[in-house]
Structures are given as structure tokens and as C-alpha cells.
Amino acid sequence: MDKLADDRLKLTIDVVSDVVCPWCFLGQKRLDQAIAAAPDVDIAVTWRPFQLDPTIPPEGMGRKAYMRAKFGDESRLSEAHARLEALGRDVGIDYAFDAIKVSPNTLDAHRVIRWAGTSGPEVQNKLVRDLFKAYFERGRNIGDHAVLVEAAREAGMDAAVVESLLASDADRDAVANEAATASRMGVTGVPCFLFEGKYAVMGAQDVSTLTDAIRQIAAAKARGDLEKAS
């Protein structure tokens, strides 16, 4: 092992997010840039579930009708999309909101993300990125099992195992309970970046804010200040 890598400060970040949240996609891109800006910190990222709307039926809902009911005034939705499109361009996201036809229930997507975590952070990180891109840039229905199995395969998971698990009730309750726990802990919006299981940064903060948080909390951990604060 590279001794320099061994000597780096270490930090864990749990990202509470939903894969149909455009701000979470933006937050993922900004977190990637913040991590790249702090090469002296060895960061382990884990993705945690949150459902913006767990009441959506398993088959999903028509996107246009769903968003119209949610936003009411269509001009408000257009303004929100235009703002996100501009912010997305800054970090390499090509939001294609008009391509999205279905607002899915994301419970099954979160189940696959959970299973990806057992294969290691690289697999889970790739899967989350691929699901964001599939939904927001290509308009794919990430509530569809076939789409989820394909994404799992491309992330390096055993597609046959994922397909079998999705057809069962495996981890349905565990994922739903974890998402509900986040809400009970005070997470009312996503993304939420939880550093070392203690310090929360809410929202898709800019890269400099996330970089500062990484450096400051990693330095505090190295000094032993986090243990003193426990």
C-alpha cells in the first residue's frame, strides 16, 4: 500500500438522498469536486435512503400530472427547471426534464443501492451516479426492475441475484425504516451530508463549502477533538 495514502486523514461521509431529487444529483457532482479538491483526505462515502414521496404507487405516476399537482402553477416548475439546468451545466449535468415520463417510487432503487454497498463503495458510488444520469439525463424509469437490473449489472453487481432479490420482499422494511429514521432525526430535505456520523451539512452546498467541511472535520478528527465532543 502507498505510504502516502496510508498517512492521509480519514473521513466518512454518509449522504442521505433520493435518486429522483435533482438537487441530490447536483450535490453528488459538487461532492465529487470537493473530494477532488482535498486529496490529502481519504474519504469513504456511503449512500443512505430517503424518499421524497413514499406514497407514489409501485408502478409510478405520470410525471406531468404529478408535477402539476405538486407545483400547481406551471411557470413555477419551469423556473425551477431553468435554475437547475443552469446550475447543472456548471458541474457537467445535462438535465433533460422533458424526457422524464414517469415519477417512480424509489424504494426498489434504494434496495439495489443498499445491496451495492455490500460490494464496496466503488460499486455503490457507480450505481448511484448511473441512476442519477439514467433518470435526469435520459428520462429512464428507475422504478422499473429491468432498468434497475441493467444499472446493477453495469455497476459490477450480479444481475441475476439482483433480479431475484427485487422480485422478493428482501430489505423492503429495512430500507423504508432507514428512510423513516432519517426523517425522525430531523432530515427534512435532501441531500444531507453527514460527516463522521455527527455533523450534518444540509442541501446541495457549493464546492467550497463542502471542501471546507471536509478539511475542518478531518483536521478535528486528527486532533482527537471529535472524541472529546462525544
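In case you missed it, the structure is sitting above this.
Throughout this document, residue positions are counted from 1 along each chain, in the order its sequence is written. Residue-level local features of this predicted model are given only where pLDDT is at least 70; pairs of side-chain atoms are given and counted only at 80 or more, and the full residue set underlies all totals for whole chains, interfaces and linings. To get the side-chain values, take all heavy atoms of the structure and skip hydrogens and water.

Student: Before we go on, may I ask you to explain the sheet that holds strand 5 (residues 192-195) in this structure?
Tutor: Either a parallel or an antiparallel arrangement is found when strands of a sheet pair, and the pairing is made through backbone hydrogen bonds. Within the open sheet, the 4 strands sit side by side as 2-1-5-6. Their pairing is mixed. Two strands bound the open sheet, and with one partner strand each, they are strand 2 (41-49) and strand 6 (199-202). In this sheet, adjacent strand axes meet at a mean angle of 25 degrees when their direction is disregarded. Here 4 bridges tie strand 5 to strand 6, and the two strands are oriented antiparallel to one another. If you follow Cys192 over to strand 6, its bridge partner there is Met202. Whether two residues are in contact is decided by their heavy atoms: any pair within 4.5 Å suffices. Simply put, an axis is a line fit to the C-alpha atoms, just over the touching stretch for a helix, and the angle between two N-to-C directions goes from 0 to 180 degrees. Put simply, DSSP marks the helices as runs of H or I at least four residues long and the strands as runs of E at least two long, and each gets a number from the N terminus on. Helix 2 (residues 22-36) contacts strand 1 (9-17), strand 2 and strand 5 of the sheet and is inclined by roughly 165 degrees relative to strand 2. One requirement defines pairing of two strands: DSSP has to find at least two bridges between them.

Student: I tried to follow the side chain of His110 on my own but got confused; where do I start?
Tutor: Among the secondary structure elements, His110 is positioned in helix 5 (residues 107-117). For His110, a relative accessible area of 4% translates into the label buried. Excluding residues within four positions of it along the chain, His110 makes contact with Ser17, Asp18, Val19, Pro49, Phe50, Gln51 and Val175. Buried means the residue's accessible area, taken with a 1.4 Å probe over protein chains only, is under 20% of the maximum for its type, while exposed means over 50%, and partly exposed covers the values in between.

Student: What am I meant to see in helix 8 (residues 159-166) here?
Tutor: The α-helix winds at 3.6 residues per turn, so residues separated by three or four positions along the chain end up facing the same way. Taken together, the buried positions of helix 8 are Ala159, Val162 and Leu166. Burial along helix 8 is one-sided: seen end-on, the buried residues are contained in an arc of 60 degrees. Buried-residue contacts for helix 8 involve helix 5 and helix 7 (145-155). N or O atoms within 3.5 Å of each other form a polar contact, as long as, within protein, one can give a hydrogen and the other can take it, and as long as residues adjacent in sequence are counted only when both atoms are side-chain atoms. Two or three places before Ala160, at the opening of helix 8, Asp158 has a side-chain oxygen 3.1 Å from that residue's backbone nitrogen. Arc definition: it is the arc formed by the directions from the helix axis to the C-beta atoms.

Student: Which parts of the structure should I look at to understand the packing of helix 7 against helix 8?
Tutor: How two helices pack is summed up by the angle between their axes together with the distance between the axes. The interhelical angle for the contact between helix 7 and helix 8, taken along N-to-C directions, is 150 degrees, at an axis separation of 9 Å. Like other packed secondary-structure pairs, helix 7 and helix 8 cross with a definite hand, here right-handed. Of the residues in helix 8, those touching helix 7 at His145, Leu148, Val149, Ala152 and Arg153 are Ala159, Val162, Glu163 and Leu166. The residue inventory of the contact of helix 7 with helix 8, partitioned by class, reads 6 nonpolar, 1 polar and 2 charged. For any helix crossing, the convention is left-handed if the near helix is rotated counterclockwise from the far helix by under a right angle, and right-handed if that rotation is clockwise. Asp, Glu, Lys and Arg are counted as charged, while Ala, Val, Leu, Ile, Met, Phe, Trp, Tyr, Cys and Pro are counted as nonpolar; the rest, among them Gly, fall into the polar class.

Student: Help me understand the packing of aromatic side chains, please; the structure alone is not making it clear to me.
Tutor: Here the distance between the centres and the angle between the planes together describe a pair of aromatic rings. Classification of ring pairs uses Phe, Tyr and Trp, with its six-membered ring standing for Trp, and accepts pairs whose centres are within 6.5 Å; under 30 degrees between planes counts as stacked, over 60 as edge-to-face, and the remaining range as tilted. Under the counting rule described, the total for this entry stands at 8 aromatic pairs. With a centroid separation of 6.3 Å and an interplanar angle of 70 degrees, the aromatic rings of Trp47 and Phe132 are classed as edge-to-face. Highlighted residues: Trp47 in strand 2 and Phe132 in helix 6 (residues 121-136), separated in sequence by 85 residues. Its relative accessible area of 5% is what places Trp47 among the buried residues. Considering the side-chain rings of Tyr135 and Phe136, the 4.9 Å spacing of their centres and the 80 degrees angle between planes classify their relative orientation as edge-to-face.

Student: I keep staring at the environment of Thr12 and nothing clicks. Help me out?
Tutor: Summarising the element assignment, Thr12 is placed in strand 1. Relative accessible area serves as the criterion here: at 32%, Thr12 is assigned to the partly exposed category. As a C-alpha pair, Thr12 and Phe195 span 183 residues in sequence and 5.9 Å in three-dimensional space. Setting aside anything within four residues of it in sequence, one finds Thr12 in contact with Ala44, Leu194, Phe195, Glu196 and Gly197.

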